[in-house]
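Summary of structural features
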Amino acid sequence: TLSVMQDEEEEWALLEVDRSIRDHEMGTHEHTNIGPVDFTQASGGFSFIHNLYQGLYNSFRISPSNEKFTEEPCWLLGECFSPNMSERRSRMAHIARFKEHVNSRFLWFTYRRDFPVIPAYNCKSDAGWGCTLRSGQMLLARVFNTIHRITKVGGESTLNPLYWFLDNEAAPYSIHNFVSESASIFGVHKSSSIMYNGQWFGPSQFSQIAEILMQRTHPNIVVHIPFANCVYIDRVLELCQSFSSTTMTTTTSSSSSAFYEFEEYEDFWKPLLLMIPVLLGPVDKINPIYVPHLKALLSSTFCTGIIAGREKASVYIIGYQDENAIYLDPHYVQNAVSLCTPNIFETYTCSNPLLSSFDSIDPSMAIGILCRTKRDFIEFLEFQNNFEASGHPTIFSIA
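This text gives an overview of the structure that appears in the document. Everything quoted here is computed from the prediction, not taken from an experiment.

About the thresholds
- Residues numbered from 1 in each chain as written.
- Predicted model: local features only at pLDDT ≥ 70, side-chain atom pairs only at ≥ 80, totals over all residues.
- Heavy atoms only, no water.
- Helix = DSSP H or I, 4+ residues; strand = E, 2+ residues; numbered from the N terminus.
- Buried < 20%, exposed > 50% of the residue type's maximum accessible area, 1.4 Å probe, protein only.
- Contact = heavy atoms within 4.5 Å.
- Areas by Shrake-Rupley, 256 points an atom, 1.4 Å probe, with all protein chains shown as cover.
- Pairing = 2+ DSSP bridges.
- Polar contact = N/O pair within 3.5 Å; in protein donor to acceptor, adjacent residues only side chain to side chain.
- Core = buried A, V, L, I, M, F, W, Y, C linked by side-chain atoms within 4.5 Å.
- Expected span 1.5 Å × (residues − 1).
- 1 Å grid on protein atoms, 1.4 Å probe; cavity = no way out; pocket = protein on both sides within 12 Å on 5 of 7 lines; lining within 4 Å.
- Points joined across faces, edges and corners; volume = space filled by probe spheres on them.
- Nonpolar A, V, L, I, M, F, W, Y, C, P; charged D, E, K, R; others polar.

Okay, the overall build of the protein next. Helix and strand counts for the protein stand at 10 helices and 16 strands. The buried share of the protein, reckoned over its 399 residues, is 53%. Sequence-distant contacts, at least 24 apart, represent 74% of the contacts inside the protein between residues at least 6 apart. Counting every atom, the protein has about 17,700 Å² of accessible surface; 51% of that belongs to carbon and sulfur.

Here's what the structure looks like:
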């Protein structure tokens, strides 16, 4: 009974905390530049209009930033790409290596058209409203690739997470299932407004839907939305390991920074995905005091990326260079594909990640943190504690 009461209290408090985030998402992003157009009956001459619309959309979609890659090192979710001695004659060779790494390691999800109709909505394209869902799909794909140690998109593997994201009802993380689950959580009217009235799904909304879909399809992976942006250690241990009696102690190192130790014995640990929706400013820009923590996270091995936005549209942030965030942009319309489509992976890779200054990123975002093992979780706690000791403001806390 106490556990149930605690869960109910946490859920209520989380809803209160997220209310301001959701208000921001649905307020500052009420309209997109190009609304969704559904060509469910496209055929013959009308398909020409469809193709013309797709071309125009791809030409006039969210405008890329004017920021360009420089000679500075690039950080990509725990990996640093910087010039080495063999590249002295080509000062930008590390950028080529970086882009090739992105192209081979990350699945790129974009708008699609002509996929099977989303039931109850008569919709066959997500152009104009599905960018947050596509950004979130990229984050989840990164999670699965990390957990299963998949090092090449479309490589030789008995497991291909891409198939879980294809645009049909059978794929557990398809846009169809995200929309269907959103109707269960937020109501059919709200989902319809998002799809047809120029609104969008926000990062916190995606996090809630992803938590439910992953509980259903991958129950051995714990998805947890921390209470009030605070990661409670006891709650994580309760969710992730089979021995509820494990204890945690706090000690102090010689440098006077606290770190955490757990009793050492073997037990079962479920991989942990923290989805942390945050609002890092009151208006349309990130408060610059939080940029150091964002950079630290993006240069760590724990971060699986950030669902964020710029110019009233969602993007997937995967790293940074100097004062610019590096992101993959889902605002590109492609034809839907199936398992029978030749060279299917070619439409899910991107060799051209983009840059945007941190001060042009919207403050509403969701940060993904993955701890595949208990050791990872301990190291994440130490990482967070060390950053707090640096004196910089933090985006979330540990308790």
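Strand order in the open sheet formed by 3 strands is E4-E3-E13, with mixed pairing between adjacent strands. If you trace the sheet from one side to the other, it starts and ends with strand E4 (123-125) and strand E13 (334-335), each paired once.

Located in the positive-phi region is asparagine 122, a residue other than glycine, with phi close to 50°. Position of asparagine 122 relative to the elements: it lies in the loop between strand E3 (112-118) and E4. Taking relative accessible area as the criterion, asparagine 122 reaches 45% and is therefore assigned partly exposed. Within the chain, aspartate 322 stands out as a residue other than glycine whose phi angle is a positive 55°. Mapped onto the fold, aspartate 322 is located in the loop between strand E11 (314-321) and strand E12 (324-328).

So, on to the side chain of histidine 331. Here histidine 331 is to be found in the loop between E12 and E13. Side chain to side chain, histidine 331 and aspartate 329 meet in a polar contact 2.6 Å long.

A few words now on the nonpolar core. Grouped together as the largest cluster of nonpolar side chains are 102 residues, with contacts concentrated most on Leu140, Ile367, Ile369, Phe377 and Phe380. Ranked by the residues each element gives to this core, the list is headed by helix H4 (residues 131-147), at 8 residues. Setting aside chain neighbours within four positions, we find isoleucine 367 in contact with Leu274, Met275, Ile276, Val278, Leu294, Leu297, Cys303, Gly305, Ile306 and Ile395.

This next bit is on the pairing of strand E9 (residues 272-279). Across the 8 residues of E9, 7 count as buried, placing the element largely inside the fold. Sheet topology note: the strand E5 (residues 222-224)/E9 ladder contains 3 bridges and is parallel. Its bridge partner being in E9, valine 222 is matched across the sheet by leucine 272. Sheet topology places E9 next to strand E15 (residues 364-371); 8 bridges connect them, and they run antiparallel. From the neighbouring strand, leucine 279 faces E15, where its bridge partner is serine 364.

Moving on, we come to the environment of valine 222. Relative to the elements of secondary structure, valine 222 occurs in strand E5. Look at valine 222 and you get buried, because its relative accessible area is 9%. Residues valine 222 and tryptophan 269 lie 47 residues apart in sequence; the distance between their C-alpha atoms is 9.7 Å. Dropping the residues within four chain positions of it, valine 222 is found in contact with Leu239, Cys240, Lys270, Pro271, Leu272 and Leu273.

This paragraph deals with the pairing of E11. Burial runs high along E11: 8 of the 8 residues are buried. Summarising the sheet, strand E1 (residues 74-76) and E11 pair through 2 bridges and their orientation is antiparallel. Within the sheet, the bridge partner assigned to leucine 76 lies in E11 and is glycine 319. In this sheet, E11 lies alongside strand E10 (residues 303-309) in antiparallel orientation, the contact comprising 4 bridges. When the sheet's bridge partners are listed, alanine 308 is paired in E11 with valine 315. In this structure, E11 lies alongside E12, joined through 5 bridges in antiparallel fashion. Its bridge partner lying in E12, tyrosine 320 is registered against alanine 325. Once E11 ends, the chain turns through 2 residues before running back antiparallel as E12, passing aspartate 322 with a positive phi of about 55°.

This part covers helix H7 (residues 203-217). Residues separated by three or four positions in an α-helix point in the same direction, a consequence of the helix having 3.6 residues per turn. Counted at 1.5 Å a residue, the expected span for H7 with its 15 residues is 21 Å, and the 21 Å between its end C-alpha atoms agrees. Along H7, the positions that sit buried rather than exposed are Pro203, Ser204, Gln205, Phe206, Ser207, Gln208, Ile209, Ala210, Leu213 and Met214.

Attention now moves to empty space enclosed by the protein. Empty space left among the atoms is revealed by rolling a probe the size of a water molecule over them. In total, this model carries 3 cavities of 30 Å³ or more according to the counting rule given. Reported here for the second largest cavity is a volume of approximately 50 Å³. Lining of the second largest cavity is provided by Leu107, Asn145, Ile150, Lys152, Val153, Gly154, Asn160, Pro161, Leu162 and Phe345. Looking at the lining of the second largest cavity residue by residue, the classes come out as 6 nonpolar, 3 polar and 1 charged.

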